[in-house]
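Tertiary structure, described
Given next are the chains, with one letter for each unit.
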Amino acid sequence: MSSEPQIGTAPSPAPSLVDIERGAARYLFAIAVLSRSGTGRVTTGELHEHLGVAQPSVSGMVSKLDDRGLVDYERYQGVTLTDRGEALARQVGWRLCVVSTFFDSELDTTLDDRVAFDIGFVLPERGVRRLRELVGSACLGRCPEANGEAERCVA
């Protein structure tokens, strides 16, 4: 081990869904969706309404996500995603989109968002990619960056 001081820092690895729990992923995705339809900052009240959870639960989770560097939270100002949080929200959105599209187009079954989210979250990435291959068509445009346009839905 060198006694020389380290200059700079090594780039952090790309965030992965295996690094977070389902509840945290749900919040990150909700923040991504809500921030695109408003000012960019999402209030805890908006999250409370969107997710249907108690206000103290929202405050607690937002605080935890802030501590983990996934969101930037300013009391009374709201929350925004950090780059790491945004990357995770994109992964969650893509998975939700692929699962929803697969069930809709291949099985002629419309899934509730919560069910599609849960399936997409627990499937290994290889499984989600395989579903995407089986669909062979554009997603339904559910990814946050797609803004409802199926062609913009990407992995």
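This one's a predicted model, so the numbers in the text were calculated from it and none came from an experiment. (Residues numbered from 1 in each chain as written. Predicted model: local features only at pLDDT ≥ 70, side-chain atom pairs only at ≥ 80, totals over all residues. Heavy atoms only, no water.)

What follows concerns unusual backbone geometry. Its identity is not glycine, yet Tyr76 carries a phi of approximately 70°, on the positive side. Taking the relative accessible area as the measure of exposure, Tyr76 reaches 73% and is therefore exposed. Positive phi values are uncommon outside glycine, yet Asp108 reaches one of about 50°. The topology assignment puts Asp108 in the loop between helix H4 (83-106) and helix H5 (113-122). In this structure Asp108 comes out as exposed when scored by relative accessible area, which is 72%. (Buried < 20%, exposed > 50% of the residue type's maximum accessible area, 1.4 Å probe, protein only. Helix = DSSP H or I, 4+ residues; strand = E, 2+ residues; numbered from the N terminus.)

Moving on, we get to the nonpolar core. Core analysis: the largest hydrophobic core is formed by 38 residues, its most contacted members being Ile20, Leu28, Leu47 and Leu65. Breaking this core down by element, the ones donating at least two residues are helix H1 (22-36), helix H2 (44-51), helix H3 (55-67), strand S2 (78-81), H4, H5 and helix H6 (125-135). In this structure Ile20 touches Ala25, Leu28, Arg68, Leu70, Leu88 and Phe121, once residues within four positions along its chain are discounted. (Core = buried A, V, L, I, M, F, W, Y, C linked by side-chain atoms within 4.5 Å. Contact = heavy atoms within 4.5 Å.)

So, about the side chain of Arg26. Within the element layout of this structure, Arg26 appears in helix H1. Judged by relative accessible area, which is 16%, Arg26 ranks as buried. Each residue touching Arg26, except ones within four places of it in the same chain, is listed here: Leu51, Arg114, Phe117 and Asp118.

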